[in-house]
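Listed below, chain by chain, are the residues.
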Amino acid sequence: MFDLVIKNGTLVDPERGRVTVGHLGVSGGKIAAIARDEIDGKKTIDAGLSVVCPGFVDIHAHVDGYHYSARCMARQGITTTVGGNCGFGPLDLAGFFDRYEAEGFPINQAMMIGHSFTLREKVGAEDPYSPATREQVRQMAELLETAFQQGAIGLSFGLEYAPGSSDEEVLVLSRIAAKYGKLVAVHTRTDSWAGIGAIKEVVRINELTGATVQVSHLVYQVGMGMMTEALEVLDHAVASGLDVAADSGMYHAFATFIGSPVYDEGCLEKWGCTYHDLFVATGKYAGRRCTEEMYRELRANHKDDVVVAFACRESEVYEALMPGYMMVSTDGAVGSPEPGTGHPQDAGTYPRFFQKMVREQGRLTLVEAVRRCTLLPAERLGLGSKGRLKVGADADLVILNLDRIADRADYPGFGIPDAPPEGIEHVLVNGQPVVEKGQVLEDALPGRVIRPACQVWNWV
Ligand SMILES: [Zn+2]
């Protein structure tokens, strides 16, 4: 007798690339059986031939312990979120992990350690336009080793937020990540046409240090009309055997802090936008279209308000996700949005991916789409028991209806940014339900912290 049985599932196994119809048994938080014949459980969910697949592993987000966003993530099928991205997040990861291990959380959490705000701020390298001193780099290197020993899953750079970062600080820290076999995720140094060179910088980090590198939210960096050229750079690197990949979302407008260098003077000209292409997502002007006066006021006095920029092209959203090394990410929960505010990516990224890329446009097969959301990011992060549909894997599972799956979230000012999607029927985290019949269970906290053991893999 299993703890739980999901019967009549269309079981999608991204590892073997197979789709079968059968029943799945869960016990002790793990997948305990996959069977053609009927099996018994203390509890049964009838999937009614809906898709049963591993839970989605969101390799790039900013949930960072924020419960409300975690529930939005669960509702779109995410069972593991990776925080500490784009160079910011908590520094004391031991404290972070202890707290969420004790309290629980709706979904599993892994954390990167951020360079561009977190480490830089701690060592006093606070001017984003200036390089860190040699002594500051040495101190950051020590803090980074500590973070890896505390269970950081990788190192994140937000070079666009600290464009003065020197090659030395980037390479010294990346070498340490390589030593421990940890992922280096890079929000590139700049976007638009200069973003092509910024992607080459990420490739070069791999060549010079041996670190596994990841370009973060690709469409937000080069979706302004230069995606084809950007993918050529990545295709060439991957074909050359370099350990390079990227993730990208499903929207053509990105969200970030108005006070950051991303919104420095000249950004609108670079993107081919006007003030009216900016929408305020949080704070006193939430839901309003920007004007020059609002832009100046927010830049001066409300630097942490999140503003959405309609800078990218919708066609490049889809183009970005075609190559086999590309995985889906939300970049969600920037600025810990209150209910009713934020960016639709916080609520609808994965449903939109299946809706657009599989059902409406037929660009990817179901099994390939599942792989891009599960196995591919799990492998990239070194998570051996996630993203897989097999006996012994963690019972992080999604039941979704491919005929109905749809994103219902929209940008502030257009619709409801955190509107729940359709077609995500059940979500289990470590064998426990967090979404039942499309409804999120407010009190469910089965998520665990993921603190990978720290071992030296190679000396470069
Ligand atoms: Zn970023």
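Residues numbered from 1 in each chain as written. Predicted model: local features only at pLDDT ≥ 70, side-chain atom pairs only at ≥ 80, totals over all residues. Heavy atoms only, no water.

## Thoughts on the domain arrangement of the chain
A common way to report how large an interface is uses the accessible area buried once the components associate.
Then step 1. Considered domain by domain, the chain is made up of domain 1 (2-52 + 411-444), domain 2 (56-253 + 311-381) and domain 3 (254-310).
Then step 2. Using C-alpha coordinates to define each centre, domain 2 is positioned 22 Å away from domain 3.
Then step 3. Facing 22 residues of domain 2, the contacting portion of domain 3 comprises 18 residues.
Then step 4. Contact between domain 2 and domain 3 buries roughly 1,600 Å² in total, counting both sides, with carbon and sulfur atoms accounting for 67%.
Then step 5. Connecting domain 2 to domain 3 are one salt bridge.
Then step 6. Between Asp191 and Lys270 there is a salt bridge, with the nearest N and O atoms lying 2.9 Å from each other.
Then step 7. Across the domain 2-domain 3 interface, the total number found is six residue pairs in polar contact (both at pLDDT 80 or more).
Then step 8. Looking at side-chain class alone, the side of domain 2 that touches domain 3 contains twelve nonpolar, eight polar and two charged residues. (Domains from an automatic or database assignment. Contact = heavy atoms within 4.5 Å. Buried area = accessible area lost by both parts, 1.4 Å probe. Salt bridge = Lys/Arg side-chain N within 4 Å of Asp/Glu carboxyl O. Polar contact = N/O pair within 3.5 Å; in protein donor to acceptor, adjacent residues only side chain to side chain. Nonpolar A, V, L, I, M, F, W, Y, C, P; charged D, E, K, R; others polar.)

## Things to note about the pattern of salt bridges
Then step 1. This structure, assessed with the given rule, holds 32 salt bridges.
Then step 2. Across the salt bridge formed by Arg16 and Asp13, the nearest N and O atoms sit 3.0 Å from each other.
Then step 3. The exposure class assigned to Arg16 is exposed, which follows from its relative accessible area of 53%.
Then step 4. A relative accessible area of 7% places Asp13 in the buried class.
Then step 5. Within the structure, one salt-bridge network assembled from shared partners comprises Lys30, Lys386, Asp394 and Asp396. (Buried < 20%, exposed > 50% of the residue type's maximum accessible area, 1.4 Å probe, protein only.)

## Regarding the packing of aromatic side chains
Geometry of an aromatic ring pair is reported as the spacing of the ring centres plus the angle between the planes.
Then step 1. In total, this model carries 21 aromatic pairs according to the counting rule given.
Then step 2. Counting every residue linked through ring pairs, the aromatic cluster contains Tyr251, Phe279, Phe310, Tyr411 and Phe414. (Phe/Tyr/Trp six-rings, centres within 6.5 Å; stacked < 30°, edge-to-face > 60°.)

## Observations concerning the coordination of the zinc ion
Under perfect tetrahedral coordination by four donors, a metal shows angles of 109.5 degrees; under perfect octahedral coordination by six donors, it shows angles of 90 or 180 degrees.
Then step 1. Looking at the zinc ion, one finds its protein donor set to be Cys86 (SG), His187 (ND1) and His217 (NE2), positioned 2.0 to 2.2 Å from the metal centre.
Then step 2. Every donor residue of the zinc ion comes from the same chain, spaced as C-x100-H-x29-H. Taken together, the positions of Cys86 in the loop between strand 7 (78-83) and helix 2 (93-103) and His187 in strand 10 (residues 183-187) put the pair 101 residues apart, joining distant regions of the chain.
Then step 3. Judged by its relative accessible area of 2%, Cys86 falls in the buried class. (Donors = N, O, S within 2.8 Å, 3.2 Å for Na, K, Ca; no water. Helix = DSSP H or I, 4+ residues; strand = E, 2+ residues; numbered from the N terminus.)

## Let's talk about the sheet that holds strand 14 (residues 278-280)
Then step 1. Taken in spatial order, the three strands of this open sheet run 13-15-14, and their pairing is antiparallel. The strands lining the two open edges of the sheet, one partner per strand, are strand 13 (254-257) and strand 14. If you compare each strand with its neighbour and ignore which way they point, the axes differ by 30° on average.
Then step 2. Relative to strand 15 (residues 306-309), strand 14 runs antiparallel, the two being bridged by three bridges. (Pairing = 2+ DSSP bridges. Axes fitted to C-alpha atoms, helices over the stretch in contact; angles between N-to-C directions.)

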